[in-house]
Amino acid sequence: MGVRLSLRGSIQGVGFRPWVLRVAREFDVRGTVANTPDGVRIDAFGTTPALASFQSRVTQPALAGCLVDAVESRPLDAAILPRAFEIVESLGRSRERGSADLALAPDLRCCSDCLAELKDPSSRRYRYPFVTCAACGPRYTLAYDLPWDRVRTAMVHFPLCNDCADEYGDPDDRRFHAEAISCPVCGPALYCLSAKGVVATGNEASLAQALEVLRRGEIVAVQGVGGFHLACDAACDEVLQRLRARKRRPRRPLAVLVGSLADAEKCAVIDAAEARLLASDARPIVLLRRRTDANLSSSLAPGSSRLGLMLAYTPLHALLVEGFGGPLVMTSANRAQEPIVYRPDEAGSMLTGVADAVLVSDREIIAPCDDSVLTSARSGPIVLRRSRGYVPRPIRLAGPLRHSVLAFGGQWNNTVCVASGDRAWPSAHVGDVESPDSVARLAETVERWLSWLDIEPTVVAHDLHPGYESTRLALDWSQGRSIGVQHHHAHMAAVLGEHGVRGPALGLVWDGTGAGTDGSAWGGELLEGDAAAVRRLATFRPIPLAGGERAIREPWRLTFALLRDAFDGSPPAAAMARFLDVPEDQLDRAAALLERPELCVPAHGVGRYFDAIGALLLRQPTISYSGELAQGLNFFATGRPARPYPFVLETASSPWQIDLRPAVRALVRDLLSGEPPEGLADRFHATLAAAGEASVREGFEVALDRSGEASGGRARVVLAGGCFGNSILVDALESRLGEDFDVLRALRLPPGDGGLAFGQALVADAQSAQGEG
């Protein structure tokens, strides 16, 4: 008898077909295995017990980076039984559009076997910067198209030598059918550039030249898996100041690369969960508490107790960090507001005023992909940026969508998302979409995603904000036939969708800003509903933006407005003078603006409260990047239990308002009396958590019938929006609400705008279905 198995998931580029062949031999099963555009197809023949054992094994593979998430099985007859089991040529796309899936695995860290070869003088791949096998190496960033075969990757330009071809064809070799393999004879090579031109060619000479530049205290642009990094000595203040000036990045934290977990522990305090994240196959940047005795520059993350660390995940990284003999800064090679550089011609331009040398290879990067960034809460990881190591894995949905949807995301931390059937595919991190280059990168990402998936969307979704570049691109792309999705509705829907929840829930959706349906800037919302519709139950008392968007770049204006409101128009002069040192004439101009409410957009965002209180406690009147003070206040706080300040939940208005003026008055009094500001940061976090809990419990009473009906009377509460990248806030609210509610938060996607497009896709599909039905 026979069976045809059609498998979907992250199963291409992980050595799955060679492994299936070995399992077939073990159970004396004959037939074939082939990659398809949407997964893998297996035709298997054997005895009934053998096929049952074979099917059980191949649908639950124990392979690094491999995930089978759907299996279809049907009986199969054959007039002539195959004599053996073999890997056959990949199958092409079907005629029906939308049938494809991104079955390709993410880019995988260099495995221990390949690292051992890298360090073994007797290996023919000794110190070869591109060593890889069936279980590791670049995948997503090398692929032109699917299925995953060498002819559809950047490796097509490097024909296999005889030795590599023998490995590729040997079923007992770990490089059997490993599409991206190469060696120093037949594979890519490094070369090193300076402003004077090519200064070194070949792997050893180029590596030696780059290390010499690094040891001189200079900056090297290094070609990585998904783009270029800027590398320099992580212990040298002088070179870090130069890097910040050249990159126009005065205070944003810089990531640090180390060679091993032992090296990481010399730099940061690492618990068991954080160690697992660092050493995971994805090898993300993990935000950790910096050791006070670490031999690192204070300029890595000015004013912060945290450090972004990652372990070397490519052979080239391993060679660089070992050759240098210490931690290296490894930050994305882009200037402020620009996308990551990934083409060699773009990298050459980095020599004009940014890098002192460029270490580049002749292996092309097809799809740009930034490093992923994670932090930890008590309940598990928080994804702050989902990119390398996680993309292009899909999110499985609770059920099939009625439409194929393309969602364009937001303005900051942009990703796009394509959703069809019972899957959604969030893209790699695009970044802030403000410059012409970033808009072009967004358009490029859309075209790549649609081409790979072979999907023609019938619904296009975008943010309500008409000024977002992503909104303009969506309107142009769809020729005006699109659905605008309210920002915070999308955030809430993203978490519901990730958890496979369709029914109603309460949602605390807290972030910096998002266009509301009433013309104001939302961001401190309690919503009730589902993907199809929500109603706004509560929000925070707004802070007027004195100077509009300028108030976000100069958060002393938010502090001033907040204190004026809390102290009935007369903020304590001592607070402004001692902690913000703002000139009197600027305060007068801000006061004049605040006297004219029609000129000051009301901002309800919790992120704006973080900015206002952060400017005060951190004594920082301006910011250099979005979210700087919110992150700074998170890391400034100790995380110890603290008493909340008083607040008022005003339920007479619609929506209700959370009034923090009593808390602000008490905090300012404590600050002026000399209380440690770190403790006040703890109390501010505790106050937000208490206010969130109070609004949820009040909202549950109002929305009991709807929010409890689908979960046995136990209401669901969603925590969504960028503020829930803050682990102290997540821990506090999960603790306060967890006993009485099912608390859902983002687990595989960022809680902020990096997950926005996924939520937009779900809302747009639900609302389109309502309109049709």
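Just so you know, these numbers come straight off a predicted model, no measurement behind them.

**Topic: the overall build of the protein chain**
Turning to step 1, where the next piece is worked out: The helix and strand inventory of the protein chain stands at 24 helices and 32 strands.
Turning to step 2, where the next piece is worked out: Relative to the globule expectation of 28 Å for 773 residues, the C-alpha radius of gyration of the protein chain, 27 Å, shows essentially globular dimensions.
Turning to step 3, where the next piece is worked out: Seen along its three principal axes, the alpha-carbon backbone of the protein chain occupies a region of about 85 × 65 × 50 Å.
Turning to step 4, where the next piece is worked out: With 773 residues in all, the protein chain has 60% of them scored as buried.
Turning to step 5, where the next piece is worked out: Surface accessibility of the protein chain: about 29000 Å² in total, with carbon and sulfur atoms responsible for 49%.

**A word on a nonpolar patch on the surface**
Turning to step 1, where the next piece is worked out: A surface patch of nonpolar side chains, amounting to about 250 Å² of accessible area, comprises Tyr144, Val151 and Val156.
Turning to step 2, where the next piece is worked out: For Val156, the position within the fold is in the loop between helix H3 (112-118) and helix H4 (162-169).

**Considerations on the layout of surface pockets**
Turning to step 1, where the next piece is worked out: Considering only enclosed or pocket space, the second largest pocket measures out at about 620 Å³ in volume.
Turning to step 2, where the next piece is worked out: If you go around the second largest pocket, you meet 30 residues; those closest to its centre are Arg378, Gly639, Ser727, Ile728 and Asp731.
Turning to step 3, where the next piece is worked out: For the lining of the second largest pocket, the class distribution of residues is 13 nonpolar, eight polar and nine charged.

**Overview of the state of the cysteines**
Turning to step 1, where the next piece is worked out: Counted according to the given criterion, the structure contains zero disulfides.
Turning to step 2, where the next piece is worked out: Free cysteine: Cys66, not disulfide-bonded; nearest cysteine sulfur from Cys133 at 14 Å.
Turning to step 3, where the next piece is worked out: The class of Cys66 is buried, set by a relative accessible area of 13%.
Turning to step 4, where the next piece is worked out: There is no disulfide at Cys114, and the cysteine sulfur nearest it, in Cys136, is 3.7 Å away.
Turning to step 5, where the next piece is worked out: Residue classification places Cys114 among the buried positions, given a relative accessible area of 0%.

**Here's the deal with the pairing of strand E24 (residues 505-515)**
Turning to step 1, where the next piece is worked out: Judged by how many residues are buried, E24 sits mostly within the fold: nine of eleven residues are covered.
Turning to step 2, where the next piece is worked out: Where E24 and strand E25 (residues 521-529) come together, eight bridges link them in antiparallel fashion. Bridge pairing in E25 places Ala505 opposite Gly529.
Turning to step 3, where the next piece is worked out: Between the end of E24 and the start of E25, which pair antiparallel, lie five residues, with Gly519 showing a positive phi angle near 90°.
Turning to step 4, where the next piece is worked out: Bridging between E24 and strand E31 (residues 716-720) involves four bridges; their strand directions are parallel. Within E31, the position partnered with Leu506 by the bridge is Val717.

Conventions and cut-offs
Residues numbered from 1 in each chain as written. Predicted model: local features only at pLDDT ≥ 70, side-chain atom pairs only at ≥ 80, totals over all residues. Heavy atoms only, no water. Helix = DSSP H or I, 4+ residues; strand = E, 2+ residues; numbered from the N terminus. Rg over C-alpha atoms; globule rule 2.2 N^0.38 Å. Buried < 20%, exposed > 50% of the residue type's maximum accessible area, 1.4 Å probe, protein only. Areas by Shrake-Rupley, 256 points an atom, 1.4 Å probe, with all protein chains shown as cover. Patch = residues over 30% accessible without salt bridge, like charges linked within 9 Å, V, L, I, M, F, W, Y side chains within 5 Å. Salt bridge = Lys/Arg side-chain N within 4 Å of Asp/Glu carboxyl O. 1 Å grid on protein atoms, 1.4 Å probe; cavity = no way out; pocket = protein on both sides within 12 Å on 5 of 7 lines; lining within 4 Å. Points joined across faces, edges and corners; volume = space filled by probe spheres on them. Nonpolar A, V, L, I, M, F, W, Y, C, P; charged D, E, K, R; others polar. Disulfide = S-S within 2.5 Å. Pairing = 2+ DSSP bridges.

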